[in-house]
Amino acid sequence: MIRISRQDATFSTLPAPLTATAAELVATLGRKFGVNAKSGYSLYMREKGLERRMGPNEKPMLLQRRRFEQAGYTELDKLEDLGREDNSYLCKLIYKATHASISAGEDDIGESLEFVDLSGKNVETIPIFLYKHAHEIVSLNLSKNRPFDLPTDFVQGCTSLRELVLSHMGIKRIPQAVKECYQLTRLDISNNHIVELDHIALHEVAELTSLKCHNNRLWGLPEYFSRFKLLKYLNLSNNRFELIPPVACEVSSLVELDISFNTISTVPPEIGQLVALERLVLLANTISSLPTTLSALVHLRELDCRRNCITDLSAISGISRLEVLRCEYNQASVLDANWAHMRILTASNNSVTRFALSGTGSTLTSLNLSHAKLASLATDMFDHLGSIENLVFDSNQIRVLPEGVGSLTNLVTLSIKNNILDELPATVGNLQRLQSLQISGNNLRELPDGIWHCGQLSVLNASSNLLKDFPDPPPTPLSDGFEDIDARKLSTISKAPSTGVGRLTQPLALSLQKLYLGDNRLGDDVFVPISLLTELRILNLSFNDIFEIPHQSLFKSQQLEELYLSGNKITSLPPEDLERLSALKLLYLNGNKLQTLPSELGKIKNLFALDVGSNVLKYNIANWPYDWNWNWNLELRYLNLSGNKRLEIKPNASNDAQNMPRSAKKRNLADFSALSRLHILGLMDVTLMIPSVPDENEDRRVRTSLSEINDMGYGIADTLGARVDVLSLVDIVIPRFRSKDDEAIFGLFDAVSKTTNTGAKLVKYLQNEFSKVFTLELSRLKSGEVTSDALRRAFLAINRDYGNLLLPTLESRRKDSDISLSDRGASSVRTGAAGIIVYIRKKKMYVANAGNALAVISSRGGNARLIAKKHEPFDAAEIARIRTAEGWISHRGAVNDEVEISRSFGFYNVFPAINAAPNIEEIELMESDEFVIIANRGLWEHMSYQVAVDVARGERSDPMIAAAKLRDMAISYGSSQNVMVMVVAVADLFKAKKDYRSHRSHQEDEGFFGQARAGPLRRGTARDEHIGDRGLNGLEREVAPPVGLVALVFTDIRNSTALWESNPGMQTAIRMHNQLLRRQLRAIGGYEVKTEGDAFMVSFPTVTSALLWCLTCQLELLREDWPQEILDSEEGKEITNSRGEVLYRGLSVRMGIHWGAPVCEADPITRRMDYFGPMVNRSSRISAVAEGGQISASQDVVDIIQEVVMDHKPAPSSLDSDSGEEEEEEWLDPSEKQDVMALRRLGFGITELGERRLKGLETAEMLSLFWPSALKDRVKKGDKNDKVQAEVHDPGAQMLDHSVIREFGRVCQRLEMVAANFAHPPQFEANHSPEAATQLVLAKRKTHMHPPSLSFAGIRPDSSDEELIIVLEHLIVRIEHSLSTLVLHQLGPFAEVLAALGGAMKSDPRYIMNALSRYGSLLSTM
């Protein structure tokens, strides 16, 4: 079907075959509308505001189908039926009278006829008036005109023509008239459909110096290219070349060759013939090696070989005059060269373990080696970097920064984030030109006091370290008599001396403007040295151990604009200090212990954002003389009060107070309407007693829901970022989706735009319409279709609908101009939005995303798993799709050089190269899943997936605080754009509903007299102070050392000695190995006893946890991102089985498990538990039996695993026992049950090795091997003595026993019968005797206790855990109701009295009942 419009806004839908031509459709339409064939009607196509007449042989049906596929539709969407709908945003067919092509006039050309631009003018040939001026034309742009005829006679008259642009014309062949342009020097034929160039003799254009052929379909070049003598610039990017054409290497005049975004795997040695080449671009191919002939390119100054597979960069070292080298995202492990002219070197995201440069001391200004595998830096490295200005070593394994860094006198930026630095050298103070120092994410315990000498340092970020204080200024010769600034011993900073700027001020005090110290261990005394930094604009002290802001500590910070103090333990704010912060715009106090806010906050007139969420605010908002009220901060754009569950906002009746200002009397202090510029208002969990809250609109979001959605804990936190005047990031939260208790939607839409004031309209439309569109698509699902189909169609449909709304904007533009960006409606066409939707139905979760809004799920142990796809243009699959949609990718990774993401809503100016087809993941939620993090790019650009999960797990008891912490951590890492984070506790789906609510309410009421405990659960005193690894400190605390019967595990790396001696990547690899093993120890619950070299000795309280740790580590070792040198070695190379599954990769670790009772004794020096005795010796010998990648175990371990896991012995049940015997204790505790379930889901097997003599032991030991099911082929089958005993792999392992649930149901019904008899006692007739009445009661009770409906037919033996949990929750609710009835009956007539008394005292009636009971007991003893 195809939809064809007419000029009168009507349309007709025609059935037609795919091969139908435009001429056939015109004839059909003529007969249908009664149009005379001689009337001259044609079929026109309108795309992106440009209209053209279709040729008679074009096939509109095929073209429409191609557009649908490019837009993201598939065969599942029945492409033949999509034509019925309005797809004008994509393409529009119009049947109308044929008109002559629009001819541009002289007014359209402009004053100068030297540069003629006819692009997008909808002309089909050269305007007549230009013929007489042909000789004047120097540059002629004919792009975006389809079809177009370039007359030869006109070209012959263009004797001065030097530049000709024929791009975006849809041509498959170059007009022959081009070769008549003998004086032409620049030819642009890009963005067409040209397959080959043999059809035209371009070499006849002898003066040609520049040829742009990018984004065509070329796969080869004609032989005549070797005849070009003057060609200097050749662009062949975004084509279909599988190898560099040999003839291209014969164009000796080439100065620049761009052959990026092809599928070239090798660079021919003939490339060395291009001796004049100065710039070579090989970006985004599949090149694995470079020829040594590159050294012949003596004039090459710039080489771009990013995003290839290059393992050896030694060929580049021979390029003598190289100035710029970009080789990011390759697989090189060594970077060792001598370059005398190198200026810029970027080699990030490689596997570099060895780095050495020489000869660059006077030239190199920028060096980037981030995301590599560097474990150390040579002490003399900085001797060759004398001119360096920008130095980046982020995300390596560097522990020591050499002292020589102080000799880099030209250094402006130093970034060494996310390493394992223990200290910063004191010589940093010598860097007098240093402006930015980025050292976040290390293990720094202190900063050198020499940093005060950095006279130009304006940005210092030391977040996420182990800092306990900020250094005091070092003493200077001029400071005689100046008290030592250890004012930490003073009660207030006001006691510190007031120093004159000219005499004692350190250089840093006058230069530092941005200071980030979040997530450290700083206390109140940090404000002493900070108070000297008078030029501060941004101060971030979030997530430290600050209890109080000392009086007058911020007196000198009058230029402070942003202050972040979230996640501390602050109970009050200093009013006088706040009053002086007149320039303050952002104030974040989330997650503290504030009960009131001082009224002085209202005097900060330029305050844009205030976040006081998740405190314990409880004050009278109308008490304005003493407490803060928002009506005094009218510039607020962001206000968050969410999470203050005791805060009440109710109408005030005191506006007529005598002491109230006249302006305040006119205001309702409980109303938010005066905040006319407010964009985000957070009131979640706040008690609202006002009749209404501000309405939501395109520029305002108001949140008033609870922090619980469908019985799942839920939290959200966001910021406006630098764009405070527009709301370009919105959330979507729909509880009880489609009015169903087991369905919910979470998501967000993040606008992406080049302009500053667009995007709000698009994201608001997506927020309002998505649920309607998705509901409609769900209702349209047919047999065989699934929910994922509905999700995908919803994304595409809502993108289509919004595109159609913007269609008038596209079509109303002038024919001689592009869309004006000054018009907000028009610029919306150039606006897009990344989006993600998480749809939860029962225990299944669907995640759909387009763009860079992503979601991560935390499984048991805190393992992060990405459940969305980041759509970036550099992805190989996205490159192929974009090219199919006639788009291209620029060097900076932007689609059509405009948009830096490859999928999103909107961006209709680049559509369909960018479409809204989402990536969809289906996840079956399990009990091991903890929570889901949904966030936009503002978080993911500053935090890895695993770090985000680690941060959230520290606050997982409250998703609201977890979300706020993630947001604030992103800010502390330097994020300045808008951020939104949502945390959904999916683990609550597996908890009883009442349990969750009672658990949360218990948390809130913890404390004296029901006072809520404020703020997040801090680790301040619970941190492992002796551990110097920030990463481990962020995880769960190490378990207590097990004693008595314990499981011991010994590990060792295969051939580690040889690797240490011969492989330079071993230092980095061993650190990665240690981090992995320790992370899993914290996650699963093991105790690290000690390490010896690369060997670990660890202990576990149970055999199941020990085995789970071993199996998990073996699997995770395969996934680790090992240094390339390890993977290239014999010991670490990748080995696969016959099915292509990886068996070995990277370091290979042997493990051994034994169970017994060692001698347990703490080491007096390390104070850690150690184990001794024969059991330890035997454990060590057992591990030695295993080979690399194997897990050996004693028979004691095997027996326990077979009994506990494989046989799955059920816990004894006594629910149906009426004998009154004491119940047997459960033989598995809850944590061990989780381990058993995890083992069964993971899957493992046992292979018996038989009896083995162990070195140094008299008796033989029966040994076996454990192996994960995924690595079964690691066990060698050649030994006949080895036999497989058993294998367990149950991905859906069930832990609930249906028979136990059935018995629990019987108990529930019996309890209900008892409660029913008390609630509704039987009525007796007056003539019944007491004996008859007793018999009647007994008869009725007997009937009630054993009703005939106790069969529980609904509980089937094959019921799943999900079904049994639903039944169990239902039974728990019924039991609670029965118990409530019995308690009320016991209280009798006192129930109402106690309830009233409890309400008056705001206390639990049970406490009163307990007190009365004790009082009665006391009276009875007297």
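Reading the values: the criteria
- Residues numbered from 1 in each chain as written.
- Predicted model: local features only at pLDDT ≥ 70, side-chain atom pairs only at ≥ 80, totals over all residues.
- Heavy atoms only, no water.
- Helix = DSSP H or I, 4+ residues; strand = E, 2+ residues; numbered from the N terminus.
- Buried < 20%, exposed > 50% of the residue type's maximum accessible area, 1.4 Å probe, protein only.
- Contact = heavy atoms within 4.5 Å.
- Areas by Shrake-Rupley, 256 points an atom, 1.4 Å probe, with all protein chains shown as cover.
- Pairing = 2+ DSSP bridges.
- Axes fitted to C-alpha atoms, helices over the stretch in contact; angles between N-to-C directions.
- Disulfide = S-S within 2.5 Å.
- Patch = residues over 30% accessible without salt bridge, like charges linked within 9 Å, V, L, I, M, F, W, Y side chains within 5 Å.
- Salt bridge = Lys/Arg side-chain N within 4 Å of Asp/Glu carboxyl O.
- Lys, Arg positive; Asp, Glu negative; His and termini not counted.
- Charge placed at Lys NZ, Arg CZ, Asp CG, Glu CD.
- pLDDT = per-residue confidence, 0-100.
- Phe/Tyr/Trp six-rings, centres within 6.5 Å; stacked < 30°, edge-to-face > 60°.
- Lys NZ or Arg CZ within 6 Å of the ring centre and 35° of its normal.
- Core = buried A, V, L, I, M, F, W, Y, C linked by side-chain atoms within 4.5 Å.
- Parallel < 35°, antiparallel > 145°, perpendicular 65-115°, else oblique.
- Left-handed = near helix turned anticlockwise from the far one by under 90°.
- Nonpolar A, V, L, I, M, F, W, Y, C, P; charged D, E, K, R; others polar.

**Quick word on the overall build of the protein chain**
Each helix and strand counted, the protein chain has 31 helices and 57 strands in total. Counting across all 1422 residues of the protein chain, residues that qualify as buried make up 54%. Here the analysis covers contacts within the protein chain between residues at least 6 apart in sequence; of these, 58% occur between residues at least 24 apart. As displayed, the protein chain offers around 60800 Å² of accessible surface, 50% of which is attributable to carbon and sulfur atoms.

**A look at the sheet that holds strand β1 (residues 2–6)**
Read across the open sheet, the five strands follow the order β2-β1-β5-β3-β4; overall the sheet is mixed. The strands lining the two open edges of the sheet, one partner per strand, are β2 (11–14) and β4 (50–53). The mean inter-strand angle of the sheet, taken between neighbouring strand axes irrespective of direction, is 30°. Where β1 and β2 come together, four bridges link them in antiparallel fashion. Its bridge partner lying in β2, Ser-5 is registered against Phe-11. Against the sheet, helix α2 (residues 60–71) touches β1, β3 (41–47), β4 and β5 (92–97), its axis set at about 110° to β1.

**Topic: the state of the cysteines**
For the structure shown, the criterion picks out zero disulfides. With no disulfide partner, Cys-305 has as its closest neighbouring cysteine sulfur the one in Cys-327, 5.2 Å distant.

**With respect to the environment of Gly-713**
Position of Gly-713 among the secondary structure elements: in strand β35 (residues 712–718). As a C-alpha pair, Gly-713 and Pro-959 span 246 residues in sequence and 6.1 Å in three-dimensional space.

**Quick notes on a negative patch on the surface**
On the surface, Glu-403, Glu-423, Glu-446, Asp-449 and Asp-469 cluster together into a patch of negative charge. Take Asp-469: it is sitting in the loop between β23 (459–461) and α6 (501–504). With a relative accessible area of 31%, Asp-469 lands in the partly exposed category.

**Quick look at the confidence of the model for the protein chain**
Of all residues in the protein chain, 83% attain a pLDDT of 70 or more, and the chain-wide mean is 84. pLDDT under 50 marks residues 479–503. Its contacts with residues more than four places away, or in other chains, come to 37 contacts. Below pLDDT 50 for its whole length, residues 1210–1226 participates in 14 contacts with residues either more than four positions away or in separate chains.

**So, the packing of aromatic side chains**
A complete count under the given rule lists 32 aromatic pairs for this structure. Connected via pairs of aromatic rings, a cluster forms that spans Phe-737, Phe-749, Phe-770, Phe-774, Phe-795, Tyr-839, Tyr-846 and Phe-905. Positioned above the aromatic ring of Phe-608, the side-chain terminus of Arg-637 is 4.1 Å from the ring centre. Cation over ring: Arg-1274 sits above Tyr-1144, and NZ or CZ is 4.6 Å from the ring centre.

**What about the nonpolar core?**
Counting residues in each nonpolar core, the largest one holds 173 residues, and the members touching the most others are Phe-225 and Leu-639. Among the elements of the structure, α5 (152–157), β16 (334–338), β18 (354–358) and α7 (527–530) are those that each provide at least two residues to this core. Ignoring anything within four residues of it in the chain, the contact list for Phe-225 reads Leu-197, Leu-211, Leu-231, Leu-234, Val-247 and Val-251. In terms of nonpolar packing, the next biggest core, distinct from the first, is built from 56 residues, Ala-744, Ile-836, Ala-868 and Val-949 among them.

**Details of the pairing of β4**
Two faces, one strand: in a regular strand the side chains alternate between the faces of the sheet. When β3 meets β4, the two strands line up antiparallel, connected through four bridges. The residue bridging Tyr-44 from the neighbouring strand is Arg-53, located in β4. Counting the residues that bridge the hairpin from β3 to β4 gives two residues, and of these Lys-48 lies at a positive phi of roughly 55°.

**Topic: the sheet that holds strand β45 (residues 980–984)**
Spatial ordering of the open sheet is given by β34-β35-β45-β44-β40-β41, a layout of six strands whose pairing is antiparallel. With one partner strand each, in any of the chains shown, β34 (708–709) and β41 (864–866) form the two edges of the open sheet. Two strands pair when backbone bridges link them, and strand β40 (residues 854–858) and strand β44 (residues 931–935) are joined in this way by five bridges, in the antiparallel orientation. Along β44, the bridge assignment pairs Ala-855 with Ile-934. Against the sheet, helix α16 (residues 945–953) contacts β40, β41 and β44, and its axis sits at roughly 120° relative to β44. Sheet strands in contact with helix α17 (residues 959–972) are β35, β44 and β45, and its direction is about 30° off that of β35.

**Focus: the pattern of salt bridges**
One pass over the full model with this rule turns up 67 salt bridges. Here Glu-51 ties to Arg-46 by a salt bridge, and the two come within 2.4 Å at their closest N and O atoms. Glu-51 sits in the buried class, given a relative accessible area of 13%. Ionic pairing is found between Asp-1273 and Arg-1139, a salt bridge with its closest N-O pair at 3.2 Å. Taken together, the residues span a long stretch of sequence, with Asp-1273 in the loop between β56 (1261–1268) and β57 (1283–1288) and Arg-1139 in the loop between β49 (1135–1136) and β50 (1142–1144) at a distance of 134 residues. One connected set of salt bridges, linked through shared partners, spans Glu-696, Arg-701, Arg-703, Asp-718, Asp-731 and Lys-764.

**Focus: unusual backbone geometry**
With an omega of -20°, the peptide bond running from Arg-146 to Pro-147 counts as cis. Looking at the secondary structure, you find Pro-147 in the loop between β7 (139–141) and α5. Between Phe-911 and Pro-912 the backbone carries a cis peptide bond, its omega angle lying at 5°. With respect to the helices and strands, Pro-912 occurs in the loop between β42 (905–906) and β43 (919–924). One non-glycine residue with positive phi stands out, namely His-168, at about 55°.

**Quick notes on the packing of helix α10 (residues 760–779) against helix α11 (residues 787–805)**
Closest axis-to-axis distance for the α10/α11 pair is 8 Å, and the angle between their directions is 135°. With respect to each other, α10 and α11 are oriented oblique. Crossing handedness for the pair α10 and α11: right-handed. Only Thr-787, Ala-790, Leu-791, Arg-793, Ala-794, Phe-795, Ala-797, Ile-798, Asp-801, Tyr-802 and Leu-805 of α11 make contact with α10, whose side of the interface consists of Lys-761, Leu-762, Tyr-765, Leu-766, Glu-769, Phe-770, Val-773, Phe-774, Glu-777 and Leu-778. Considering only residue class, the contact of α10 with α11 consists of 15 nonpolar, one polar and five charged.

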